[in-house]
Amino acid sequence: MAGVVPAADEYRLGLESTERAAGVPKGRVESFEFEASRVFPGTHRHGWIYIPAQYQGREPAAVMVFQDGHAYVGETGLMRVPIVLDNLIAKGAMPVTIGVFVNPGHRGGGGPDGSGWGNRNNRSVEYDSLGDAYARFLIEELLPFVERTFEVRLSDDPARNAVAGMSSGGICAWTVAWERPDRFGKVLSHIGSFVNIRGGHVYPALIRKTGRKPIRVFLQDGSNDLNNAHGNWPLANLEMASALAFAGYDHRFVYGDGAHNGRHGGAILPESLRWLWREEPGAGVGLEAVLPDGGIREGWELVGEGYAFTDAAASDADGNFHFSDLPRGDVYRVPAAGGTPRLWLENGPKISGMKFGADGWLYACVQATGTNETRRIVAIEPGSKRVETMATGVQPNDLVVTRSGHVFFTDTAAGQIQRVPTSAREMSRPPTVAGGIARPNGIALSSDESELWVSEHGGRHVWRFALNPDGSLGGGERRAVLAVPNGGADSGGDGAATDGEGRVWVTSHLGIQVFDGEGRSLGVVSRPQDKGSVSVAFGGTGHRMLYVCSSDRVYRRMTRTLGR
């Protein structure tokens, strides 16, 4: 959300920044020098530590690291962080938090004067560069040094650790959390330099294309910020805010009319810190609510590999997961308890989509891959593996099966949805029940089977239909918008699945896009590998395991939800 302050740069500090409330104890501030960096060898830097009066040393304290520390640590400047922290900690608006204020490194002589500004010749290398170098400097070198030197204990819980900065220090703060969300879960950026100084302008695109990381972000900028050869600061921050919103981050963007200075950021600092450290989960309905790691690629576990092309993810009522190796006509089964895939059906039909019905039979879309195969809808009896043809004269891609005995399947080329009863055998040209969809592909039912969701492979939408008891569809609408890669013409919407809480999961060019029951984006789960992910289903014990078919491999990851 955004807030606008009308008077150009007429920002004033409030009482929480200028004086300690009655009875509020004063924390202590001590300075230090650090020149033992292996990440940035040959550099020297000055820093300070703020230790609140409430810190007793028995438990690790929350920690907040401020880049360009001299601009934050003083009690007569624009930020006055020690006063703000004293007030907020005493009021319980923040946990007991140790502040670490660190200046950028400088090589050789001729460093900055006592104000901290001036020639800091390693600042841009440290702050504007992408990658994990500065995060490693903080985590492996500076914070352990602070702990040893001042005999304090700092938390390693990302939910209790924050990082902040202004200008290049602002993009630096984001980079630290982006690279190491396992250690820093909160970011405060003032007039952040998300421009092309050293490639930082790519962050909005990366945010949109990467599974949402568990980071809470507060951005501040003004309409009179810089506009130069590196880029336009206001536009860059607006684009960051848009990307964060798109990807479902817990974020706030306050946009005023200030210039490239700390006046506005200082004026709203107490509000910013209250928001960052609030206890409620904020976006809460996002990926972190259903995935333990928030959806990053490292959360995937390889199940099997070496297949020609995997597709048709499906699970039976007990959670046993099945998938097809489409070109070879093989179907594999993974037991609900886990383990490796086992061949379930060998040299069978070439299946692109399949689902189990309430009767226990497996219903499937068969592709024509040679002279001995025709496109059709089939039913497979699990015990004998007998294959019976239900419908011909069709071009099916994927399907669902209702408890009332209807099979709905997508015809991608025709842009249609067709329906056939599970009792049908050798039915020719079953009826079309919906059309006008841009290459429909994945199809899924809501848990109560009152809704049918269909993804567009050739477009940018997920359609929602009302499913009536008689098997008719009504109210077709483009309910969710699929994210598209920069420069891409379509989303590549493919396989779809739903969970018991109404979320819709759709594979796409970007990864698995997740929406709530109203079609609002909750984020994008990273693809397990750089090859396409085409089909997705919940399986395993309790249907808590999310499986995905990805080209020659199958992956899975544990969730906090129950699949349909």
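Residues numbered from 1 in each chain as written. Predicted model: local features only at pLDDT ≥ 70, side-chain atom pairs only at ≥ 80, totals over all residues. Heavy atoms only, no water.

Caption draft 1: Seen up close, the pattern of salt bridges. For the coordinates displayed, the defined rule picks out 29 salt bridges. Residues Arg-216 and Asp-250 are paired through a salt bridge, measuring 2.7 Å at the closest nitrogen-oxygen approach. One end of the pair, Arg-216, is in strand β8 (residues 216-222); the other, Asp-250, is in strand β11 (residues 250-256), and 34 residues separate them in sequence. Judged by its relative accessible area of 11%, Arg-216 falls in the buried class. Residue Asp-250 is classed as buried on the basis of its relative accessible area of 10%. (Salt bridge = Lys/Arg side-chain N within 4 Å of Asp/Glu carboxyl O. Helix = DSSP H or I, 4+ residues; strand = E, 2+ residues; numbered from the N terminus. Buried < 20%, exposed > 50% of the residue type's maximum accessible area, 1.4 Å probe, protein only.)

Caption draft 2: Representation of the layout of surface pockets within the structure. Of the volumes computed, that of the largest pocket is approximately 560 Å³. Considering the residues around the largest pocket, the lining is formed by 26 residues, among which Ser-315, Lys-355, Phe-356, His-543 and Arg-564 are closest to the centre. Breaking the lining of the largest pocket down by element, the ones donating at least two residues are β13 (310-315), β17 (351-356), β21 (399-401), β26 (440-445), β30 (496-498) and β34 (535-539). (1 Å grid on protein atoms, 1.4 Å probe; cavity = no way out; pocket = protein on both sides within 12 Å on 5 of 7 lines; lining within 4 Å. Points joined across faces, edges and corners; volume = space filled by probe spheres on them.)

Caption draft 3: Highlighting the environment of Ser-124. Here Ser-124 is to be found in helix α4 (residues 123-128). For Ser-124, a relative accessible area of 24% puts it in the partly exposed group. For the pair Ser-124 and Gly-415, spaced 291 residues apart in the sequence, the C-alpha separation amounts to 52 Å. Sequence-distant contacts of Ser-124, that is, excluding residues within four places in its chain, are made with Ser-129, Ile-197 and Arg-198. (Contact = heavy atoms within 4.5 Å.)

Caption draft 4: Quick look at the nonpolar core. One finds Val-65, Tyr-134, Leu-142, Val-146, Val-152, Trp-174 and Ile-207 to be the most contacted residues of the largest nonpolar core, which totals 53 residues. Tallying contributions element by element places helix α5 (residues 133-150) first for this core, with 10 residues. Among all residues touching Trp-174, those that are not within four sequence positions of it are Val-187, Phe-194, Tyr-203, Ile-207, Ile-215, Val-217, Met-240, Leu-244 and Tyr-249. Counting residues in each nonpolar core, the second largest holds 29 residues, with Tyr-50, Leu-88, Ala-162 and Trp-275 among its members. (Core = buried A, V, L, I, M, F, W, Y, C linked by side-chain atoms within 4.5 Å.)

Caption draft 5: A look at the sheet that holds strand β20 (residues 387-392). Pairing is mixed across the open sheet formed by 5 strands, whose spatial order is β17-β18-β19-β20-β24. The open sheet terminates on both sides in strands that have one partner only, identified here as β17 and β24 (427-428). Summarising the sheet, strand β18 (residues 362-366) and strand β19 (residues 376-380) pair through 5 bridges and their orientation is antiparallel. Across the sheet, Tyr-363 pairs through a bridge with Ala-379, a residue of β19. (Pairing = 2+ DSSP bridges.)

Caption draft 6: Looking closely at the confidence of the model for the protein. Predicted confidence across the protein gives a mean pLDDT of 92, with 95% of residues reaching 70 or more. Every residue in residues 1-7 scores below 50 in pLDDT, and together they form 17 contacts with partners more than four places removed in sequence or on other chains. pLDDT under 50 marks residues 281-285. Its contacts with residues more than four places away, or in other chains, come to 10 contacts. (pLDDT = per-residue confidence, 0-100.)

Caption draft 7: The pairing of strand β36 (residues 553-558), seen in detail. Pairing between strand β12 (residues 301-305) and β36: 4 bridges, direction antiparallel. The partner of Glu-305 across the bridge, within β36, is Arg-553. Both strand β35 (residues 545-550) and β36 contribute to a ladder of 6 bridges, which runs antiparallel. Directly across from Met-545, in β36, lies its bridge partner Met-558.

Caption draft 8: Seen up close, the packing of helix α3 (residues 81-91) against helix α10 (residues 269-276). Running from N to C, α3 and α10 cross one another at 45°; their axes reach a closest spacing of 10 Å. Judged by the inter-axis angle, α3 sits oblique to α10. In this structure, α3 meets α10 at a crossing whose hand is right-handed. Here α3 contributes Val-81, Val-84, Leu-85, Leu-88 and Lys-91 to the contact with α10, which in turn contributes Leu-269, Pro-270, Leu-273 and Arg-274. Along the lines of polarity and charge, the residues of the contact of α3 with α10 split into 7 nonpolar, no polar and 2 charged. (Axes fitted to C-alpha atoms, helices over the stretch in contact; angles between N-to-C directions. Parallel < 35°, antiparallel > 145°, perpendicular 65-115°, else oblique. Left-handed = near helix turned anticlockwise from the far one by under 90°. Nonpolar A, V, L, I, M, F, W, Y, C, P; charged D, E, K, R; others polar.)

Caption draft 9: Representation of unusual backbone geometry. Positive phi outside glycine occurs at Ile-191, with the angle close to 40°. Here Ile-191 is to be found in the loop between β7 (186-190) and α7 (203-209). Even without a glycine there, the phi angle at Ser-551 is positive, about 55°. Its place among the elements puts Ser-551 in the loop between β35 and β36.

Caption draft 10: How the structure looks around the sheet that holds strand β22 (residues 406-411). Strand order in the open sheet formed by 4 strands is β21-β22-β23-β25, with antiparallel pairing between adjacent strands. What marks the edges here is a single partner per strand, and that holds for β21 and β25 (432-434). For this sheet, the mean inter-axis angle between neighbouring strands, taken without regard to orientation, is 30°. Pairing geometry for β22 and strand β23 (residues 416-421), over 6 bridges, is antiparallel.

Caption draft 11: Layout of a nonpolar patch on the surface. There is a patch of nonpolar side chains on the surface, built from Leu-130, Val-202 and Leu-206 and spanning about 190 Å² of accessible area. Of note, Leu-130 is situated in the loop between α4 and α5. (Patch = residues over 30% accessible without salt bridge, like charges linked within 9 Å, V, L, I, M, F, W, Y side chains within 5 Å. Areas by Shrake-Rupley, 256 points an atom, 1.4 Å probe, with all protein chains shown as cover.)

Caption draft 12: Summary view of the environment of Arg-386. You can see Arg-386 is positioned in the loop between β19 and β20. Classification of Arg-386 as partly exposed rests on a relative accessible area of 41%. Considering only alpha carbons, one finds Arg-386 and Tyr-332, 54 residues apart in sequence, at a separation of 16 Å. Side-chain polar atoms of Arg-386 contact the side chain of Glu-388, separated by 2.7 Å. (Polar contact = N/O pair within 3.5 Å; in protein donor to acceptor, adjacent residues only side chain to side chain.)

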